[in-house]
Amino acid sequence: MQPKKHWKKRLTGVDPLDFSPGLLRIQAQPPPDALITLLRQANEHLVITVIESQRLTDQQQKTQERLEEAKNAAEKASLTKSDFLSGVSHELRSPL
């Protein structure tokens, strides 16, 4: 949420008609309640972001573990297939 733009501006230490560069100091500060509200909102967004980041990290880790398990299963299946085919090939070449 954007801060309110209607903060009170006040001139300090200058003649209101003198607009020379460097002489005009405008102090624009939001009311304390607006700052507190902004800080609370920023904190809420930060907490939500941290929680979402942790959830995504956990999800990525679980996906990585499942991918590793699938890879190991595929390698085991490939070895089993190779052993079977080499045995069948041997049997076909050397009949009983």
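Residues numbered from 1 in each chain as written. Predicted model: local features only at pLDDT ≥ 70, side-chain atom pairs only at ≥ 80, totals over all residues. Heavy atoms only, no water.

Looking now at the confidence of the model for the chain. Interpretation of this model should avoid reading the predicted coordinates in detail wherever pLDDT is low. Across the chain, the average pLDDT comes to 78, with 66% of residues at 70 or higher. The element-level mean pLDDT for the chain is lowest in strand 1 (residues 9-11), coming to 47, with helix 1 (residues 32-93) highest at 91. Predicted confidence is poor over residues 5-11, with pLDDT under 50, and the contacts of this stretch with residues over four places away or in other chains come to 17 contacts. (pLDDT = per-residue confidence, 0-100. Helix = DSSP H or I, 4+ residues; strand = E, 2+ residues; numbered from the N terminus. Contact = heavy atoms within 4.5 Å.)

Taken as a whole and judged by the stated rule, the model has 2 salt bridges. Close ionic contact of Glu52 with Arg55 constitutes a salt bridge, the shortest N to O distance being 2.5 Å. Pair noted here: Glu52 and Arg55 are both in helix 1, with a separation of 3 residues, about one helical turn. The exposure class assigned to Glu52 is partly exposed, which follows from its relative accessible area of 34%. (Salt bridge = Lys/Arg side-chain N within 4 Å of Asp/Glu carboxyl O. Buried < 20%, exposed > 50% of the residue type's maximum accessible area, 1.4 Å probe, protein only.)

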